[in-house]
Structures are given as C-alpha cells and as structure tokens.
Amino acid sequence: MTILITGGAGYIGSHTCVELLNNGETIIVVDNFSNSKPEALNRVQQITGKTFRIYDADLLDKKQLREIFLENEDIDAVIHFAGLKAVGESVAVPLSYYRNNINGTLVLCEVMQEFTVKNLVFSSSATVYGATDQVPITENSPLGSTNPYGRTKVMIEQILGDIAFADPDWSIASLRYFNPVGAHESGLIGEDPHGIPNNLMPFISQVAVGKREELHIFGREYNTRDGTGVRDYIHVVDLAKGHLKALEKVTAMKGMDAYNLGTGKGLSVLEMVMAFENAANKTIPFRFTEPRPGDVAVCYADPSKAGSQLGWQAERGPEAMCKDTWRWQRNNPSGYDRKTLTVYKEKTPRHEPVEFFNS
C-alpha cells in the first residue's frame, strides 16, 4: 500500500514510519515541522535503509494539499497525526488549537474525498474521556475532555463519524492513545519536546542527562499504592504497530470505530521513576508539588477491543520503555540537533538525507 502520513516527523509519526517501511509499505510524509524536525525523517531512513517522499506543507493550505494528491495518484490510505498537542498550551491559546486541529482535518478529509481516498486512521487520545475515575476505561466510557486539546479530538471524532455515516465508502479507525513513552531500540529516534516537557518520561530522562535539575511530581496524596498518580504507559513502538493493525482493519471494513491503545495496566509516577533509575543506573532527584487541577488519581485502558478486533496487544514492559528512553536521551542529549549526537547504534546503515518535495 501507499500511505500518506500527516505529521510523520513527530514522535509517534516517525516510529510509525519505521514500522510501515519495515513492513514493505510505501509512505509519503506531509509535515510543516512546527512541532518536529526534518532530522527525525533522516533518522527513519537510516534505520530502515529506505527513502520516501516528504512534503513541507501545512494542512490548512488546501491548494498545496491538492497538489500533493495530484502528484501521488496511488495513495491508498491516510494516517493523520498532524496537530497541536500540548494540553497546557491549548488552555492558553484555544483558538489556535481549534483552528489548526479541526480545520486541518476538515481540509484533509475534503481533499481525500475529492481524490476518492477514503481509508483513514486518526490519531486520537485518551484525553477524550476527560477526568473519569472509572477504570479500566473502555471505548464506551463517556466522552468529556477537560481541555481544548482534548475537545478538538472529541470534535474530530464526531466529524469523522458523521462523514462515515453520510458516505458508506469511508473506512475510519480512531486510535485513542494512553501515555506513549520509550524510543526506537536503535537510539536514533525518540521524543524531542520543545521547551519544558509536558510528559513524565522525557522530563525524567532530561534530569538523568543533566539538562534539568530535578523532577517535579504533581501530588503525593492520591488514593493509590504510593500516593502518586497512576497511568497507563505504552511503548511507542507498540503504539506504532497498532497503526499497522488499524490499517489492515480499515482496508477490510467500512464505517468508523474507535480503539483504546494501552497496556491495560497502571503504573504510578514513583514506580516509573524507580524503573528508570534501574534501567539507567541513575538517581533521579525529585520533589513533590501541588497536584494539577483536573488530574485524576488512576487512569488506565481496557485494550481488549483492540485485541479482539485488530489482533493487537502491547508487548513491551516498563524495563524496555525506560531502557529505550535512556538510550535515546543519552545518545541525543539535545534531541535532534545533529551536533549533539553522541553514539549511533553499531552497523546502522548510513544514507544520504531523504529528498524533500516542496509543493
């Protein structure tokens, strides 16, 4: 198949590119690099030994997107990662999130419909469930996000459902991720957040590499086994493989459905800190701070639907999550800045940078 990937240079997108290429698929990446770096795609090529087309383009530019579809008439399906994704930022600048995430998806779907490309895998999020204290969370749990970022995901899912209902030729899978962590085992690609990390694992790894002084843990009096929040952490490679299973599903079915991608097991913040310390042989200094408004004590998935209908399940545990994160951060202390790359995995093939196509 030929798969168009929006936001393919991002954290989850780049890992999915690797899995698709290793599976023999042809990929085309569209990214405006507002929250990612082209170097991630050079690294994807190094890992796989394969080249692919990359377009520096914005989904809000319909003319530009149409030209991409005109130049690539063999597109079979789309995986849609592109979008702004920081919860805190979305609260501060909600208009940017609604404009970018929702309008970008509308433009994408309009162009897909024009070119009769009606197979779509959408990158959704567990934030669609809001601040629920009912666990494990199933796909039938009530939707009700507590922030603009999550609400854009809810709205987009509703829009996609309406599209699939109006036109039975559409086939859509919405993947609701829980807490992605980890990195590719090569140490070449991983999570490279801009500024202060919003998520636990990159913050821990930046403390370990000396980029930050200490970890701040929000809350210590939750009704959990050690007083810290419990979340469902899933290795990004397992998550990427879930997209391949979802592609198989959308090419064999019609209509729309949603799937939780998580391990089905909750780990506390302190448990993840200890797992990282063991994996990296590092001590992570931390201090407790006030809990964040809206945070729940426990949140983890029921992934059984993905297991039964997609044939997918998470395989990597916290040890692999932490070891792979540390390998990535140790080798790339400043992320995708080439000047700071310390160690490449031995025998990793080296190739010239991928070719860019500016539409």
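Reading the values: the criteria
- Residues numbered from 1 in each chain as written.
- Predicted model: local features only at pLDDT ≥ 70, side-chain atom pairs only at ≥ 80, totals over all residues.
- Heavy atoms only, no water.
- Helix = DSSP H or I, 4+ residues; strand = E, 2+ residues; numbered from the N terminus.
- Rg over C-alpha atoms; globule rule 2.2 N^0.38 Å.
- Buried < 20%, exposed > 50% of the residue type's maximum accessible area, 1.4 Å probe, protein only.
- Areas by Shrake-Rupley, 256 points an atom, 1.4 Å probe, with all protein chains shown as cover.
- Core = buried A, V, L, I, M, F, W, Y, C linked by side-chain atoms within 4.5 Å.
- Contact = heavy atoms within 4.5 Å.
- Expected span 1.5 Å × (residues − 1).
- 1 Å grid on protein atoms, 1.4 Å probe; cavity = no way out; pocket = protein on both sides within 12 Å on 5 of 7 lines; lining within 4 Å.
- Points joined across faces, edges and corners; volume = space filled by probe spheres on them.
- Axes fitted to C-alpha atoms, helices over the stretch in contact; angles between N-to-C directions.
- Left-handed = near helix turned anticlockwise from the far one by under 90°.
- Nonpolar A, V, L, I, M, F, W, Y, C, P; charged D, E, K, R; others polar.
- Parallel < 35°, antiparallel > 145°, perpendicular 65-115°, else oblique.

Engineer: Please set out the overall build of the protein residue by residue, giving values where relevant.
Structural biologist: Assigned secondary structure in the protein consists of eleven helices and 15 strands. Compactness check: the protein gives a C-alpha radius of gyration of 20 Å against a globular reference of 21 Å for 359 residues, within 12% of the reference. In terms of principal-axis extent, the alpha carbons of the protein reach across some 55 × 50 × 40 Å. Evaluated residue by residue, the protein yields a buried proportion of 54% over its 359 residues. Total accessible area computed for the protein in this model is approximately 15600 Å², and 47% of it derives from carbon and sulfur atoms.

Engineer: A description of the nonpolar core should follow, citing residues and the corresponding values.
Structural biologist: Formed by 44 residues in total, the largest nonpolar core has its most connected members in Ile 27, Leu 41, Phe 52, Leu 247 and Leu 261. It is helix H8 (residues 236–250) that contributes the most residues to this core, seven residues altogether. If sequence neighbours within four positions are ignored, Leu 261 has contacts with Leu 175, Arg 176, Tyr 177, Phe 178, Ile 234, Leu 239, Gly 242, Ala 306 and Trp 312. Within the second largest apolar cluster, 26 residues are counted, among which are Leu 4, Leu 59, Val 107 and Met 112.

Engineer: Could you give me a rundown of helix H9 (residues 269–280), with the residues and numbers involved?
Structural biologist: Under the 1.5 Å per step criterion, the end-to-end length of H9 is 16 Å for twelve residues, consistent within 8% with the ideal 16 Å. The complete set of buried residues in H9 reads Val 269, Leu 270, Met 272, Val 273, Ala 275, Phe 276 and Ala 280. Tucked into the core, H9 has its buried residues touching helix H7 (200–208), strand E8 (215–218), strand E10 (233–235), strand E12 (267–268), strand E13 (286–289) and helix H11 (318–331). At the exit of H9 stands Asn 281, carrying a positive phi of roughly 55 degrees.

Engineer: I'd like a description of helix H5 (residues 94–114), backed by residues and values.
Structural biologist: Along its 21 residues, H5 runs 30 Å from first to last C-alpha, staying within 8% of the 30 Å computed at 1.5 Å per residue. Looking at the buried side of H5, the elements it contacts are strand E1 (2–6), helix H3 (62–71), strand E4 (77–80), helix H4 (87–92), strand E5 (119–125) and helix H6 (148–166). Thr 116 sits one or two residues past H5 and shows a positive phi near 55 degrees.

Engineer: Can you lay out the layout of surface pockets for me, pointing to particular residues and giving the numbers?
Structural biologist: To find the voids left in a structure, one rolls a probe of water-molecule size over its atoms. Estimates place the volume of the second largest pocket at around 150 Å³. Along its surface, the second largest pocket is lined by Asp 232, Tyr 233, Thr 263, Lys 265, Leu 267, Ala 314, Glu 315, Arg 316, Gly 317, Pro 318 and Met 321.

Engineer: Before we move on, can you summarise the packing of H3 against H5 with the specific residues and values?
Structural biologist: At a closest axis distance of 10 Å, the pairing of H3 and H5 adopts a crossing angle of 35 degrees. You can see that H3 and H5 cross each other, and the crossing is right-handed. Between H3 and H5, the residues in contact are Lys 62, Leu 65, Arg 66 and Phe 69 and Val 107, Leu 108, Glu 110, Val 111, Met 112 and Glu 114, respectively. The class makeup of the residues in the contact of H3 with H5 is six nonpolar, no polar and four charged.

Engineer: I'd love a proper account of the packing of helix H1 (residues 11–22) against helix H2 (residues 39–48), names of residues and values included.
Structural biologist: Where H1 meets H2, the closest approach of the two axes is 10 Å, and the angle between their N-to-C directions is 30 degrees. Between H1 and H2, the angle is such that the two are roughly parallel. When the axes of H1 and H2 are compared, the crossing they make is right-handed. Of the residues in H2, those touching H1 at Ser 14, Cys 17, Val 18, Leu 21 and Asn 22 are Val 44, Ile 47 and Thr 48. Among the residues forming the contact of H1 with H2, the class breakdown is five nonpolar, three polar and no charged.

Engineer: Account for the environment of Ile 137, naming residues and giving values.
Structural biologist: Relative to the helices and strands, Ile 137 is located in the loop between E5 and H6. Note: C-alpha distance between Ile 137 and Ala 126 (eleven residues apart in sequence) is 8.9 Å. Discounting residues that sit within four places of it in the chain, Ile 137 has contacts with Tyr 129, Thr 132, Phe 178, Asn 260, Cys 299, Tyr 300, Ala 301 and Asp 302.

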